[in-house]
Every structure is written in structure tokens, then in C-alpha cells.
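Understanding the architecture of this molecule
Single-letter residue listing:
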Amino acid sequence: MNRRNFLKFAGLAGGTIAAATAGKALAAGTGSGGGAVGSETEFVGMLVDTTKCIGCRSCEEACNQANNLPAPKESFSSEEVFKLRRDTTPEAFTVVNRYENPKDPSKPIFARKQCMHCNQPGCASACLVRALEKKPEGPIVYNKERCMGCRYCMIACPFDIPKYEYQSATPFVKKCIFCYSRLKKGEKPACAEACPEGATLFGTRRELLEEARRRIYTEPDRYHNKVYGEHEVGGTGWLYLSSVPFEKIGMKTNLGTTPLPEHTSGFLFGVPHVFVLWPTLLAGLAYMNRDKGDDGQGGGKGHE
Ligand code: SF4
Ligand code: SF4
Ligand code: SF4
């Protein structure tokens with residue numbers, strides 16, 4: 001994506017997110033501001049405001065269609081799904097769950113789940129054939145042609161997001177890829193476009209953080225005083241607001257602030273042959289895997 005197209009899609013941020021400064025250089029590094037190292041591009045992100053979510057599941061339906069996923073057993077208008085706590089699957093890259101509201105039992109809280117698009121993603125650092133890759137704009141995308149099915153990404157993800165198509169004869173890893181092909185065309189992610197409540201807001205990560213802090217500051221009774229994703233595992237592209245502590249809505253609050261790749265770097269740098277031999281071996285296995293007749297259909301049109 002060139003700079004002009006990036007500015008175009010970052011500028012699509014809805015609501016009060018202007019994204020006017022998208023594309024400006026951030027300081028090099030991977031702080032909470034979220035720029036890629038040495039990049040002039042800001043990371044994009046999403047702000048999920050669970051106080052606004054009504055559980056309509058329009059985001060699920062839009063994601064299903066944008067990624068050409070199979071139709072679910074229960075229709076997207078069914079509330080039966082809320083009886084169980086759901087996880088993402090190879091056929092559902094995002095799911096909305098319902099939680100009891102300790103402040104007001106008559107008003108349940110709805111919170112969606114999908115890839116958090118970490119600033120420093122454990123999944124991508126664990127994938128030695130670079131099938132999962134962080135793009136300069138922030139999304140972590142999947143290249144099925146490179147994937148050799150080791151599933152290290154699934155082990156490395158602190159949010160248990162990548163799912164494997166165990167039932168498929170030609171299995172691939174599946175997860176939200178931030179509608180990267182839509183972003184490249186200057187379009188919003190399908191789920192953000194579909195949300196009727198503005199509960200899923202697209203923009204640059206920096207501006208979304210500012211917006212999240214502004215909401216907490218101006219409505220302290222409405223919001224729990226924390227932006228989830230600001231610091232967790234080094235910061236994530238998807239940020240959350242909630243009226244209650246985040247563990248009440250199924251979010252992990254024990255992950256710490258250290259990026260996952262830093263936990264493994266000591267081992268990797270201490271064993272140089274990992275870099276020399278292991279990628280070569282994995283790349284060779286991946287090549288053989290492709291030659292076994294994979295049709296390369298690891299995902300919908302959103303996948304690279
Ligand atoms: S949430 Fe998991 S799959 Fe998504 S970027 Fe982070 S480590 Fe990777
Ligand atoms: S960004 Fe795209 S792939 Fe990710 S949950 Fe939203 S619609 Fe699905
Ligand atoms: S579309 Fe928006 S309001 Fe509806 S369930 Fe998804 S996030 Fe909530």
C-alpha cells in the first residue's frame with residue numbers, strides 16, 4: 001500500500017475519529033503509540049466500546065460475508081447463541097458474547113472477541129516461515145502459501161486466537177486479518193462499517209487511544225478507568241472500553257505488559273543455529289506441503 005492509499009483508509013475512521021494526522025511519522029520503536037519500527041506509518045486499530053454494544057451481531061454477519069465464511073448453524077439474528085460462551089473458530093473470526101452486568105442485572109454487557117492485532121505479536125514471532133506477518137500499518141495477516149501447519153502461532157498467542165482447520169483435508173490457520181484487502185482499497189473493515197451503534201470504531205491507534213481516554217475522562221461513571229489493550233503484552237491494535245473491570249467480560253487481565261516476543265528472544269539469540277537451520281528446515285517442509293496438492297484456499301478473499 002502506498003502512502004496515499006494508507007491516508008485514504010486511515011481517514012475513513014468514523015465517528016469523532018478524524019485520523020487527520022494518519023501517516024505522520026511516529027518515533028521509531030514499538031511503544032504504546034504503535035508505529036512500526038523505522039516506519040512513517042501509524043498503526044491502525046479499533047476501539048470496541050462495550051458500553052455501546054447492543055449484541056446485534058451485525059459485526060459477526062459482516063465478517064462472515066467479507067471473508068466468504070460458511071453460514072452458521074444459528075442465524076445471525078438468533079439470541080440462542082448467548083446461552084453459551086463462544087470462542088472464535090475457523091468459520092467465525094469474531095464472536096459476540098453476553099455477560100452479566102454487576103452494576104445493573106437488567107442490562108447485560110456484550111463484548112466481541114477476535115484477533116487483537118498486537119503491536120508485537122507472539123504469533124508472528126513464533127512463525128519461522130513468516131506465514132503470519134505484521135504489516136507496517138498494523139494488521140497481522142496470514143499467507144497460506146507459506147504456512148507449514150506447525151501451529152506454533154496457536155501456542156504463542158496470549159489471546160488463544162488462531163484456530164486450525166482440523167476437519168479439513170487441507171487445513172490452514174484462520175483468524176481475523178483486519179480486513180486487510182479492504183483497507184488497501186480504502187475501505188473500512190467490514191465489521192466496523194456494519195456496527196449500527198459505533199461500538200466498533202476504526203482509526204489510527206493513537207487517535208483511538210485519545211478518544212478512549214476522552215470518553216473515560218468525560219464520563220467517569222460510565223467507564224471503568226482503563227483502556228484494555230493500551231499496555232497488555234506491549235499494546236494491541238484493538239482497544240476496549242468497559243463499564244466493569246475487564247475480567248468480568250472475559251478479558252485476560254493477567255498477561256502483563258511485556259511483549260511476548262521478548263520472552264522468547266533470549267532463547268532464540270542464545271541458540272544461533274535456530275536461525276540458521278530451523279527456518280531452512282521449516283521452509284523446506286512448507287514447500288513440500290504446498291506440493292502435496294494444496295489448493296491454496298486457506299481463507300476467504302480477505303486472506304492474502
Ligand atoms: S491476538 Fe494472537 S493471533 Fe492476534 S496478533 Fe496477537 S498474538 Fe497474533
Ligand atoms: S476486521 Fe474484518 S476479519 Fe477482522 S473481525 Fe472485522 S470483519 Fe472480521
Ligand atoms: S455490530 Fe456493533 S452493536 Fe452489534 S454486536 Fe457488533 S459491536 Fe455490538
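Residues numbered from 1 in each chain as written. Chains lettered and ligands numbered in written order. Predicted model: local features only at pLDDT ≥ 70, side-chain atom pairs only at ≥ 80, totals over all residues. Heavy atoms only, no water.

Below, the discussion takes up the overall build of the protein chain. Looking only at helices and strands, the protein chain has 10 helices and 9 strands in total. Within the protein chain, buried positions represent 51% of all 304 residues. Put simply, of all contacts in the protein chain between residues at least 6 apart along the chain, 63% involve residues at least 24 apart. For the protein chain, the accessible surface area stands at approximately 14400 Å², while carbon and sulfur atoms represent 53% of it. (Helix = DSSP H or I, 4+ residues; strand = E, 2+ residues; numbered from the N terminus. Buried < 20%, exposed > 50% of the residue type's maximum accessible area, 1.4 Å probe, protein only. Contact = heavy atoms within 4.5 Å. Areas by Shrake-Rupley, 256 points an atom, 1.4 Å probe, with all protein chains shown as cover.)

In this section: the site of ligand 2. Taken together, Cys63, Asn67, Thr94, Arg112, Cys176, Ile177, Phe178, Cys179, Pro189, Ala190 and Cys191 make up all the residues around ligand 2. A breakdown of the residues in the shell around ligand 2 according to their chemical character gives 8 nonpolar, 2 polar and 1 charged. (Near = heavy atom within 4 Å. Nonpolar A, V, L, I, M, F, W, Y, C, P; charged D, E, K, R; others polar.)

Tallied over the entire structure, the rule returns 20 salt bridges. Salt bridges sharing partners connect three or more residues here, namely Asp49, Glu211, Arg214 and Arg215. (Salt bridge = Lys/Arg side-chain N within 4 Å of Asp/Glu carboxyl O.)

Another aspect to go through is helix α7 (residues 205-218). Along an α-helix, residues three or four apart share an orientation, since each turn contains 3.6 residues. If you check α7, its first and last C-alpha atoms are 20 Å apart, about what 14 residues at 1.5 Å a residue would give, namely 20 Å. Of the positions making up α7, those classed as buried are Arg205, Glu207, Leu208, Leu209, Glu211, Ala212, Arg215 and Ile216. Those residues of α7 hidden inside the fold are in contact with β1 (44-49), β8 (200-204) and β9 (238-241). (Expected span 1.5 Å × (residues − 1).)

Residues Phe159, Trp238 and Ile249 are the most contacted members of the largest nonpolar core, which totals 34 residues. Mapped by element, the contributors of at least two residues to this core are β1, α2 (58-66), β2 (95-99), β3 (109-113), α6 (190-194) and β9. If you look at the next biggest cluster of nonpolar residues, it comprises 17 residues, including Cys123, Ala124, Val141 and Tyr142. (Core = buried A, V, L, I, M, F, W, Y, C linked by side-chain atoms within 4.5 Å.)

This next bit is on the confidence of the model for the protein chain. In this model, the protein chain carries an average pLDDT of 82, and 73% of its residues clear a pLDDT of 70 or more. Counted against residues more than four places away or in other chains, residues 18-38, with its pLDDT under 50, gives 54 contacts. Note on residues 289-304: pLDDT is under 50 here. Beyond four places in sequence and across chains, it has 44 contacts. (pLDDT = per-residue confidence, 0-100.)

One can find Thr88 in the loop between α2 and β2. Relative accessible area serves as the criterion here: at 5%, Thr88 is assigned to the buried category. Side-chain polar atoms of Thr88 contact the side chain of Lys163, separated by 3.0 Å. Among residues more than four places away in sequence, those in contact with Thr88 are Phe93, Thr94, Val95, Lys113, Gln114, Ile161 and Lys163. (Polar contact = N/O pair within 3.5 Å; in protein donor to acceptor, adjacent residues only side chain to side chain.)

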